[in-house]
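Structural features, examined
For reference, the chains in residue letters:
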Amino acid sequence: MASKLFYKLAPNDYLKGVRGLKPDELGIYTIVVMLVYASEGYLLDDPAKIAQRCRTNKRTVERCLDTLVAAGRLERKTVDGRDFIFDERAIFEMDSFFSKGKGGRTVFKGKKRKV
């Protein structure tokens with residue numbers, strides 16, 4: 001997954017956003033957001049695969065994802081019968097990255113964010 005995507009990380013925004021998360025929720029949230037960026041779009045809501053990336057078990061991921069969605073930190077979406085999970089800020093940043101270049105020019109012309 002070689003991506004040319006680069007994004008800014010505002011430490012204060014990130015720290016405010018993860019305030020109050022338990023350690024397992026923090027780790028899973030961070031990995032999910034990075035996977036959303038790495039896939040350049042929505043992430044397939046597959047707790048077993050996410051658990052492999054986080055080096056934990058599926059039940060822990062399911063519990064944490066449910067908690068993070070309920071808290072509004074992550075969102076779920078169904079497209080064509082497939083379930084996805086994503087972070088709204090990451091999607092916003094990627095849309096900005098793929099649509100605006102220097103001087104308002106389109107970056108990666110013809111490239112669409114993956115759904």
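**What about the overall build of the protein?**
When helices and strands are counted, the protein shows 5 helices and 3 strands. Sequence-ordered secondary structure for the protein, helices as α and strands as β, is α-α-β-α-α-β-β-α. Counting across all 115 residues of the protein, residues that qualify as buried make up 30%. Restricting the contact set of the protein to residue pairs at least 6 apart, pairs at least 24 apart contribute 57%. Accessible surface, the protein: about 7700 Å² in total, of which carbon and sulfur atoms supply 53%.

**Here we look at the confidence of the model for the protein**
Taken over all residues, the pLDDT of the protein has a mean of 83, while the share at 70 or more is 80%. Within the protein, no element has a lower average pLDDT than helix 5 (residues 88-99), which sits at 79, and none a higher one than helix 4 (residues 58-70), at 97. Within the model, pLDDT remains below 50 along residues 103-112, and this stretch shows 14 contacts once partners closer than five positions in the same chain are excluded.

**Comments concerning the side chain of Asp 87**
If you trace the backbone, Asp 87 turns up in the loop between strand 3 (82-86) and helix 5. Among the polar contacts listed, one links the side chain of Asp 87 to the side chain of Tyr 29, at a separation of 3.3 Å. Setting aside anything within four residues of it in sequence, one finds Asp 87 in contact with Tyr 29, Val 33, Val 36, Arg 73 and Leu 74.

**With respect to the packing of aromatic side chains**
Throughout the structure, instances matching the rule amount to 2 aromatic pairs. Here the aromatic rings of Tyr 42 and Phe 86 are separated by 4.7 Å at their centres, their planes lie at 90°, and the arrangement is edge-to-face. Here Phe 86 lies in strand 3 and Tyr 42 lies in the loop between helix 2 (23-38) and strand 1 (43-44), a separation of 44 residues in the sequence. Classification of Tyr 42 as buried rests on a relative accessible area of 12%. Of the residues examined, Phe 86 reaches a relative accessible area of 5% and is grouped as buried.

**Digging into the pairing of strand 2 (residues 75-79)**
Across 5 bridges, the pairing between strand 2 and strand 3 is antiparallel. Bridging across to strand 3, Arg 76 finds its partner in Ile 85. From the end of strand 2 to the start of strand 3, which pair antiparallel, there are 2 residues, and Asp 80 there has a positive phi angle of about 50°.

Calculation notes
All residue numbers refer to positions counted from 1 along the written sequence of the respective chain. Predicted model: local features are reported for residues with pLDDT of at least 70 only, side-chain atom pairs are reported and counted for 80 or more only, and whole-chain, interface and lining totals are derived from all residues. Just so you know, side-chain values use all the structure's heavy atoms and leave hydrogens and water out. Working definition: helices are DSSP H or I runs of at least four residues, strands are E runs of at least two. Numbering for both runs from the N terminus. Under the scheme applied here, a residue whose accessible area is under 20% of the maximum for its type counts as buried, over 50% as exposed, and between as partly exposed, the area being computed with a 1.4 Å probe on protein chains only. In what follows, a contact means two residues having at least one pair of non-hydrogen atoms within 4.5 Å. Computed by Shrake-Rupley with a 1.4 Å probe, the accessible areas treat only the displayed protein chains as cover when residues are assessed. Values of pLDDT, the confidence the predictor places in each residue, fall between 0 and 100. What qualifies as a polar contact is a pair of N or O atoms within 3.5 Å, subject to a donor-acceptor requirement within protein and to the restriction that residues adjacent in sequence count only when both atoms come from side chains. Stacked, edge-to-face and tilted labels apply to pairs of Phe, Tyr and Trp rings (six-membered ring for Trp) whose centres lie within 6.5 Å, assigned for plane angles under 30 degrees, over 60, and everything in between, in that order. If DSSP finds at least two bridges between two strands, the strands pair.

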